[in-house]
Structure formats: C-alpha cells, structure tokens
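What follows is the residue order along each chain.
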Amino acid sequence: MIRIMEVCGTHTTSIFRHGLREALPGNIKLISGPGCPVCVTSQGEIDQAVKLSESKDVIVATYGDMVRVPGSSGSLADRRAQGADVRVVLSASQCIDLARENPKKQVVFLAVGFETTAPATAATVLQAHREGIDNLSILCFHKKVPPALRTLAEQSWSIDGLLLPGNVAVILGHEPFRFLPEERGIPSVIGGFSPGEILSALGELLRQIKAGSPKLTSCYSSVVRPEGNPIAIDLMRKVFKSGTALWRGLGPIEDSGMVLREEFLSMDGSIRFSLKTEETPDPEGCICGRVLSGLSEPKDCPLFGGICTPVTPVGPCMVSGEGTCSAWFRYGRKE
Ligand code: SF4
C-alpha cells in the first residue's frame, strides 16, 4: 500500500468533493493531515476566547467556523446565544473598524490559521499600532506548517509521500519544505486544488516513489514562486517571532507558533487579559487528535455520524468545512 498524506484541509475537501479517493487504484491510500487551521486550534486556545467573551466590555471577533468549535465549556456561539458580543469577520482588518466603532469596548481578534492568514493579521497589527488604536488586541494562535510536518516526520510516521499545501507555499516558497525529502527522505510535491492539479501532483509523487528518488517539486508553479511572497514574509517577520504553539493532536511544538514581537505586546490579548493556554484533552470520545495526525480515520471514531454530525459537532474536525470528519460525512464516505 502506498500512503500519501494531503496536508491541507482544502485538498481534503477537494479530494472528497470530486471523488478522487475512489478514482485511485486500491493500492494508493490518501491520508488527511493537520492542515485544517480550525481543527488544529487547541481546546485550551478556544477556552481562552470563550472565557474572554464572558466579559461585558469585550467584543470577540473571529473567522466563521471558529465560532462553532466547542471548548471545554461550550463554544463562542453558545456564549453569543447567552448575550455575549461575538462577531464573525471576513478579514482581520475588519477588527480595526470594529475597534473604531466601539471605543468604549475592548475588541479581541481570535487570530487562527497558518501562513496563509497570518500576513493579514500582521498588517492589521501594524495599522492599529501606527494609528494608536488602543482598544484592539490579538489572541494570536497562528501556526506554522513546516515545523508541524517536521514533528510528524520525526515520529514513527509511515507516509510514502506528501502532497504539500499550495496556498502555504505561495507565501513561503519552496525552501521551508526542502528538509522533507533531503533530511527525511519523503517525496514532497506542492500541489494546487483543482482535481486536475491534485492528480498531477499525485502522479509526480508516484513517479518519485517508484524511482526511489525523493525530491521537492512543485506542480503549482503557475501560482507558487520558489521564493514565495516576499511582502507577506516581511509582514510576518516585522510583527511575529517564533514561539511554541499548542496543536490539537500534536501537542506543543517548538517554533511552530507566531508570537507578537516586543513592540506589539500591548496588543497581546493573552497578556492584556492575563490568560493562559492550558493543555486540555479532546472532548470525551472524540479522536480529532489522532485524525489530525493521520493515525486514525473518522470511521474509527465511535461518535462519527451518530452523536457527532455537522449539525451537532463534538470536535472541530466536524465543525470546519475543511475538517476531515466533515468531509467524510458530507460526501458520504463510511469506510
Ligand atoms: Fe471528533 Fe466528531 Fe471527528 Fe469523532 S467524528 S473525531 S467526535 S469530530
């Protein structure tokens, strides 16, 4: 059996939507990885936002799916139903407007996502800092993909090839992924998201696996430049430094987090509101952590499709449109 991991949740969704798993020969198994940003946000991080939303003076703003992810004592949506001021934003910069329109309130942006969304948070931090907006803070839970892949690759990980996220590579370029073939011997291909682009990347992976010659190649070169996006990289460098991040399923990973630099610490919501991220277990019975590590599939979860559905999600992998459990459920895969 050839085991290929698609790292990105957008790949997972596209693969299911277009029936690509079924179209592949039986000896090729696609395994979903830790590339859904909502799913890898730890329970403890969600608990911080839920706790903050209980304060009358605070508006918590975040991206859509995050609102429904259950923390240890309910979700932001639950708190909103009880009267908390929780807003869904489409972009980080909307938080600037929210802060201006609500000068007597503290606006806290729950910032999640990988290198794809972090530059927009960085630009918002810079703008707020420049304009002296002092009622906006960030709960900064952005995570970096390459350190998580390094952690997975260093564990006993039987993966024969990696379909790498084209959207992250658009920002970072090729270099941060080069260690995968060169140090770990894992064939690694950057791929786009249409069925044709995914199949083309899988074809390249199979060629490398057959030849026994692991390389980093890109099948998304119409979009991804080898050097990435220098403007976005510079924005992240200006605002963030590396720190340890707590990943659901993978635990704490050194240098995989983005922490605000000293000059922006006044905007750090964890400091301003004296919050601490605790490592808390997944909800009882939920195996999201194992699903995100590629160690289990949704069908292995006793709650899948019964107690846990997109309408009644128990874990984040069923909440997010990019979550593996959600994809399995929506596209009717039972095994
Ligand atoms: Fe968690 Fe639900 Fe997925 Fe089970 S089916 S792993 S409870 S999200």
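Scroll up to find the structure.
Residues numbered from 1 in each chain as written. Predicted model: local features only at pLDDT ≥ 70, side-chain atom pairs only at ≥ 80, totals over all residues. Heavy atoms only, no water.

1. What to know about the site of the ligand
- Inspection of the region around the ligand gives Cys286, Ile287, Cys288, Cys301, Leu303, Phe304, Cys308, Val314, Gly315, Met318 and Cys325 as its neighbouring residues.
- Class assignment for the residues of the shell around the ligand results in ten nonpolar, one polar and no charged. (Near = heavy atom within 4 Å. Nonpolar A, V, L, I, M, F, W, Y, C, P; charged D, E, K, R; others polar.)

2. Quick notes on the side chain of Ser218
- Within the secondary structure, Ser218 sits in strand 9 (residues 216-218).
- At 3.1 Å, the side chain of Ser218 forms a polar contact with the backbone nitrogen of Tyr220.
- Setting aside chain neighbours within four positions, we find Ser218 in contact with His174, Ile190 and Val224. (Helix = DSSP H or I, 4+ residues; strand = E, 2+ residues; numbered from the N terminus. Polar contact = N/O pair within 3.5 Å; in protein donor to acceptor, adjacent residues only side chain to side chain. Contact = heavy atoms within 4.5 Å.)

3. Notes on the nonpolar core
- Judged by nonpolar contacts, the single largest core of 100 residues is most densely connected at Leu136, Leu162, Leu164, Phe177 and Phe240.
- No other element matches strand 5 (residues 106-113), which puts six residues into this core.
- Looking at which domains feed residues into this core, each of domain 1 (1-286) and domain 2 (287-330) supplies at least three.
- Here Leu136 is in contact with Cys95, Ile96, Ala99, Gln106, Val107, Thr124, Ala128, Met267 and Arg272, once residues within four sequence places are set aside.
- Core analysis: the next-biggest nonpolar cluster, separate from the first, contains twelve residues, Leu20, Leu30, Leu163 and Val189 among them. (Core = buried A, V, L, I, M, F, W, Y, C linked by side-chain atoms within 4.5 Å. Buried < 20%, exposed > 50% of the residue type's maximum accessible area, 1.4 Å probe, protein only. Domains from an automatic or database assignment.)

4. What to know about the state of the cysteines
- Applying the stated rule across the entire model yields one disulfide.
- Through a disulfide, Cys36 is tied to Cys39; the S-S separation comes to 2.4 Å. Disulfide Cys36 to Cys39: torsion about the S-S bond roughly 70°, handedness right-handed.
- For Cys36, a relative accessible area of 3% gives the class buried.
- With no disulfide of its own, Cys8 lies 9.0 Å from the sulfur of Cys36, the closest cysteine sulfur.
- Free of any disulfide, Cys140 has its nearest cysteine sulfur in Cys95, 12 Å distant. (Disulfide = S-S within 2.5 Å.)

5. Some points on the pattern of salt bridges
- A complete count under the given rule lists 15 salt bridges for this structure.
- The partner of Glu204 in a salt bridge is Arg207, with the nearest N and O atoms 3.5 Å apart. Taken together, the positions of Glu204 and Arg207, both in helix 11 (residues 195-211) and three residues apart, correspond to about one turn of that helix.
- Exposure remark for Arg207: the relative accessible area of 53% places this residue in the exposed category.
- Counted as one network, the salt bridges with shared partners bring together Arg21, Lys29, Glu297, Lys299 and Asp300. (Salt bridge = Lys/Arg side-chain N within 4 Å of Asp/Glu carboxyl O.)

6. Digging into the pairing of strand 3 (residues 58-62)
- Judged by how many residues are buried, strand 3 sits mostly within the fold: five of five residues are covered.
- Because side chains alternate across strand 3, one face comprises the buried residues Val58, Val60 and Thr62, and the other comprises Ile59 and Ala61, equally buried.
- With four bridges connecting them, strand 3 and strand 5 associate as parallel partners. By the bridge assignment, Val58 is partnered in strand 5 with Gln106. (Pairing = 2+ DSSP bridges.)

7. So, the sheet that holds strand 6 (residues 136-142)
- One open sheet accounts for four strands, arranged 4-3-5-6; its pairing is parallel. In this open sheet, the two edge strands, each paired with only one partner strand, are strand 4 (85-88) and strand 6. Between one strand and the next, the sheet's axes are offset by a mean angle of 20°, whatever the strand orientation.
- Across four bridges, the pairing between strand 3 and strand 4 is parallel. Its bridge partner being in strand 4, Thr62 is matched across the sheet by Val88.
- Each of strand 3, strand 4, strand 5 and strand 6 is contacted by helix 4 (residues 43-53), which is oriented at about 160° to strand 6, the strand it contacts most.
- In the packing of helix 7 (residues 118-130) onto the sheet, the strands contacted are strand 5 and strand 6, and the crossing angle to strand 6 comes to about 155°. (Axes fitted to C-alpha atoms, helices over the stretch in contact; angles between N-to-C directions.)

8. Overview of the environment of Leu30
- Considering the arrangement of structural elements, one finds Leu30 in strand 2 (residues 28-35).
- Taking the C-alpha atoms as reference, Leu30 lies 44 Å from Ser55; in sequence the two are 25 residues apart.
- Once you skip the residues sitting within four places of it in the chain, Leu30 turns out to touch Ile4, Glu6, Ile15, Arg21, Leu24 and Leu202.

So, to be careful, I would describe these as geometric facts and stop short of saying anything about function.
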